[in-house]
Structure formats: C-alpha cells, structure tokens
Amino acid sequence: FGAGMTGGMAYLYDPDGQVADMLNMESLVIGPVAVQHWEDQLLGLIQRHVEETNSAKGAEILRNWDLEKGEFCSGLSKRDVG
C-alpha cells in the first residue's frame, strides 16, 4: 500500500497489527492518529461510510469508538512531509 500515493492522508484499520508488512515504507510516513483534527476527520469519514453503506463493521467501530480509534494508523506520502 502507498506506492505512488500523492497528497492526502490515508487511514488504515489495523486491529491485528499487520499493516506494516503491507506498506511501501520507501514512500510513506506512518503513525498513530494522535492529533484531534485527524481523529475528528477519521470519525466523520467512518460515520459517513456507515450512513451511505449501512456497514455493519463500520457501525461496530463507531459503537466502540473509544477502543477502536487506537486500532487505526495514518499515513501520508514522504513528499508531503515538510
């Protein structure tokens, strides 16, 4: 994941801690969703996803948000890191 990524933030759900093995670390910077702004954005995206798709998994994540939010990481292209 991430090869050729340009611009924007990616959020990855990683409850099993396996996402690092699937990332192109030559082009990405990955970290926890530790800034309130990005956490709010992620929450809003999941809420919208659930509204538009009736996703059972998304609804479960929202019901358990205080625990589940720690299962996400965020990533962006190294080109976008100032």
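Everything numeric in this text was worked out from a predicted model, so none of it was measured.

Thresholds applied
- Residues numbered from 1 in each chain as written.
- Predicted model: local features only at pLDDT ≥ 70, side-chain atom pairs only at ≥ 80, totals over all residues.
- Heavy atoms only, no water.
- Salt bridge = Lys/Arg side-chain N within 4 Å of Asp/Glu carboxyl O.
- Helix = DSSP H or I, 4+ residues; strand = E, 2+ residues; numbered from the N terminus.
- Buried < 20%, exposed > 50% of the residue type's maximum accessible area, 1.4 Å probe, protein only.
- Expected span 1.5 Å × (residues − 1).
- Arc of directions from axis to C-beta.

Take the pattern of salt bridges next. One pass over the full model with this rule turns up three salt bridges. Glu-39 serves as the salt-bridge partner of Lys-69, at 3.3 Å between the closest nitrogen and oxygen. Here Glu-39 lies in helix α1 (residues 36-53) and Lys-69 lies in the loop between α3 (65-68) and β3 (72-77), a separation of 30 residues in the sequence. For Lys-69, a relative accessible area of 28% gives the class partly exposed. According to the relative accessible area criterion, Glu-39 is buried, its value standing at 15%. For Arg-48, the salt bridge is made with Glu-52, and the minimal N-O distance between the two is 2.8 Å. Here the residue Arg-48 and the residue Glu-52 both occupy positions in helix α1, the gap between them amounting to four residues, near one helical turn. A relative accessible area of 52% places Arg-48 in the exposed class.

Taking 1.5 Å as the rise per residue, α1 with 18 residues should run 26 Å; its terminal C-alpha atoms sit 25 Å apart, in good agreement. Looking only at α1, the buried set comprises Glu-39, Leu-42, Ile-46 and Val-50. In an axial view of α1, the angular spread of the buried residues amounts to 70°, which keeps them on one side of the axis. For α1, the exposed residues set more than 90 degrees away from the buried face come down to Arg-48, Glu-51 and Glu-52. Immediately downstream of α1, the backbone of Asn-54 shows phi near 55°, a positive value.

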